[in-house]
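# Fold and geometry: a report
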Amino acid sequence: MYTMRFDLRVPGMTPAQIASQYETAIEMAEWAEGKGCAAVMVSEHHASPDGYLPTPIIIATAMAVRTKNLPIVVGAALLPLYDPVRLVEEMIVLDHLSRGRVSYIFGIGYRPAEYELFGLPYDDRGRLADEKLAAVLDGLKAASDPNAADPHVTPQPFTAGGPKISWGGATKVAARRAGRNGLDFFGSGTTPGLEDAYITAAKEAGHEPGQCMVPEPRTPMSVYVNDDQDAGWADVGPYLLHDVLMYSEWNDDAQNIASLSYSKDVDGLRAERGAHCVFTVDEAVQHIGTNFVLPLHPLCGGCPPEIGWAYLRRVVDEVMPRVAESQGGAA
């Protein structure tokens, strides 16, 4: 199995090229359905000089209407930047269009520029997150209740109780927020005591702890596959490096975030073998055998569609048959 993530960084691209990247992401989701893809994730950031995707719900909607069964994850959506009532309405409409296939990971973000763009105080992001999460959960609950007092959001969701919501982050505050609201927690990195903070907060709030995933730093997160490593790094190294350098600038080289790599040039990134990787086919098969999924990022850093397609097809044509063979015929 593999997953695909799209954040649609489009550094230096013309409007026509940007449109092509967006179209390609939707086409890749449609093409990958039924070909071993476990899920597609679309991410969110704002005020990024390389045009990072600011509206993941729109892309998720386009993907939902072009697919039938593929799970789609919006994550992390930066909840403090949303109007909660409008967000609930959009979530419900997309819940119907996808027939319950779209889920959400919310977070608060970590870039002051994003809050400045929306005219919101960055120092109030925790309070805003708590208030807006409560409003979203209450809004979905009311929409799901045929006896709810008016006015309330309509229509009733397709999914009983509303779409699946989780919380993400790399701090104990984030873990506690997930726990006390009865949500699963998806850590973006490691912090000592993160899982304990989540479990304790859930139990204190009367919830049974749910799923708590805390990936280790340098876990492969943006993977391409090519047995010819020299050719592979020549093809995609510059695009992986752009992603690395942008996230590094935003995160001040934080050492606990799972998705970060730390090299400053392609040769160093190749030697690092961290979050951004070019695997051989054997390495990809082994990774799936150990970790169950291969995390692909087909258009990472503005990777051209023709390159992204070639590497995606290689996973389907060369990796997945090997995985099926190793599992006795069931990939």
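Residues numbered from 1 in each chain as written. Predicted model: local features only at pLDDT ≥ 70, side-chain atom pairs only at ≥ 80, totals over all residues. Heavy atoms only, no water.

So, on to helix α10 (residues 281-291). All buried positions along α10 are accounted for by Val281, Ala284, Val285, His287 and Ile288. Down the axis of α10, the buried side of the element spans an arc of 160 degrees, and every buried residue falls inside it. Opposite its buried face, α10 presents the exposed residues Gln286, Gly289 and Thr290, each directed more than 90 degrees away. Looking at the buried positions of α10, the neighbouring elements they touch are β8 (222-225), β9 (276-279), β10 (294-296) and α11 (305-326). With its phi angle positive at about 80 degrees, Phe292 sits one or two positions after the end of α10. (Buried < 20%, exposed > 50% of the residue type's maximum accessible area, 1.4 Å probe, protein only. Helix = DSSP H or I, 4+ residues; strand = E, 2+ residues; numbered from the N terminus. Arc of directions from axis to C-beta. Contact = heavy atoms within 4.5 Å.)

Mapped onto the elements, Leu78 comes out in strand β3 (residues 72-78). Here Leu78 falls in the buried class, since its relative accessible area comes to 4%. The spatial distance from the C-alpha of Leu78 to the C-alpha of Pro11 is 22 Å, given a sequence separation of 67 residues. Ignoring sequence-local partners within four residues, the contact set of Leu78 consists of Glu44, His45, His46, Gly107, Ile108, Gly109 and Glu114.

Compared with the 33 Å implied by 1.5 Å per residue over 23 residues, the 29 Å span of helix α8 (residues 229-251) between its first and last C-alpha is markedly short. Of all bends in α8, the biggest is about 50 degrees, found at Val236, and the proline Pro238 comes one to four residues later. Once α8 finishes, Asp252 follows within two positions and takes phi at roughly 55 degrees, a positive value. (Expected span 1.5 Å × (residues − 1). Bend = angle between axes of the 7 residues up to and from the residue.)

This part takes up empty space enclosed by the protein. Summed over all chains, the structure comprises one cavity of 30 Å³ or more. Each pocket or cavity is described by its volume, and for the largest cavity that value is around 50 Å³. Lining of the largest cavity is provided by Val223, Tyr224, Leu296, His297, Pro298, Gly308, Tyr311, Leu312 and Val315. Those elements giving two or more residues to the lining of the largest cavity turn out to be β8 and α11. If you tally residues by element for the lining of the largest cavity, the top one is α11, at four residues. Its residues assigned to classes, the lining of the largest cavity comprises seven nonpolar, two polar and no charged. (1 Å grid on protein atoms, 1.4 Å probe; cavity = no way out; pocket = protein on both sides within 12 Å on 5 of 7 lines; lining within 4 Å. Points joined across faces, edges and corners; volume = space filled by probe spheres on them. Nonpolar A, V, L, I, M, F, W, Y, C, P; charged D, E, K, R; others polar.)

Next up on the list: the pattern of salt bridges. On inspection of all chains with the given rule, the structure shows 15 salt bridges. Measuring nitrogen to oxygen at the nearest pair gives 3.6 Å for the salt bridge that ties Glu89 to Arg86. Of the two residues, Glu89 and Arg86 are both situated in helix α3 (residues 84-97); the distance of three residues between them amounts to about one turn of the helix. Glu114 is the partner of Arg111 in a salt bridge, and the nearest nitrogen-oxygen pair spans 3.3 Å. Here the two residues Arg111 and Glu114 agree in accessibility, since each one is buried. (Salt bridge = Lys/Arg side-chain N within 4 Å of Asp/Glu carboxyl O.)

On the secondary structure map, Thr67 appears in the loop between α2 (56-65) and β3. Accessibility expressed as a relative area gives 4% for Thr67, which makes it buried. Polar contacts involving the side chain of Thr67 include one to the main-chain carbonyl oxygen of Met63, which spans 2.8 Å. At 2.8 Å, the side chain of Thr67 forms a polar contact with the side chain of Arg101. Those residues in contact with Thr67 that sit more than four places away from it in its chain are Ala29, Glu30, Glu33, Ile72 and Arg101. (Polar contact = N/O pair within 3.5 Å; in protein donor to acceptor, adjacent residues only side chain to side chain.)

This paragraph deals with the packing of helix α6 (residues 172-180) against helix α7 (residues 194-204). A packed helix pair is summarised by two numbers, namely the angle formed by the two axes and the spacing between the axes. Contact geometry of α6 with α7 gives a least axis separation of 7 Å together with a crossing angle of 30 degrees. With respect to their mutual orientation, α6 and α7 come out roughly parallel. Seen from above, α6 lies across α7 with right-handed handedness. Two secondary-structure elements touch here, α6 through Lys172, Ala175, Arg176, Ala178, Gly179 and Arg180 and α7 through Leu194, Ala197, Tyr198, Ala201 and Ala202. Residue composition of the contact of α6 with α7, by class: seven nonpolar, one polar and three charged. (Axes fitted to C-alpha atoms, helices over the stretch in contact; angles between N-to-C directions. Parallel < 35°, antiparallel > 145°, perpendicular 65-115°, else oblique. Left-handed = near helix turned anticlockwise from the far one by under 90°.)

Next up on the list: the side chain of His46. Along the chain, the position of His46 falls in the loop between β2 (37-42) and α2. Excluding residues within four positions of it along the chain, His46 makes contact with Pro54, Leu78, Leu81, Arg111, Glu114, Leu117 and Phe118.

Attention shifts here to the layout of surface pockets. Looking at the second largest pocket, its volume works out to about 180 Å³. Here the residues of the lining of the second largest pocket are counted per class, giving five nonpolar, three polar and two charged.

With 76 residues, the main nonpolar core has Tyr2, Met4, Phe6, Met63, Phe106 and Leu294 as its most contacted residues. In terms of residue count, the dominant contributor to this core is α11 (seven residues). Excluding residues within four positions of it along the chain, Met4 makes contact with Met28, Ala29, Ala32, Cys37, Ala39, Val40, Met41, Leu296, Pro298 and Leu312. (Core = buried A, V, L, I, M, F, W, Y, C linked by side-chain atoms within 4.5 Å.)

Right, let's get into the environment of Pro155. Mapped onto the secondary structure, Pro155 falls in the loop between α5 (125-144) and β5 (165-169). Sequence-wise, Pro155 and Pro15 are 140 residues apart; in three dimensions their C-alpha atoms are separated by 36 Å. When near neighbours in sequence (up to four residues on either side) are disregarded, Pro155 contacts Ile92, His96 and Ala143.

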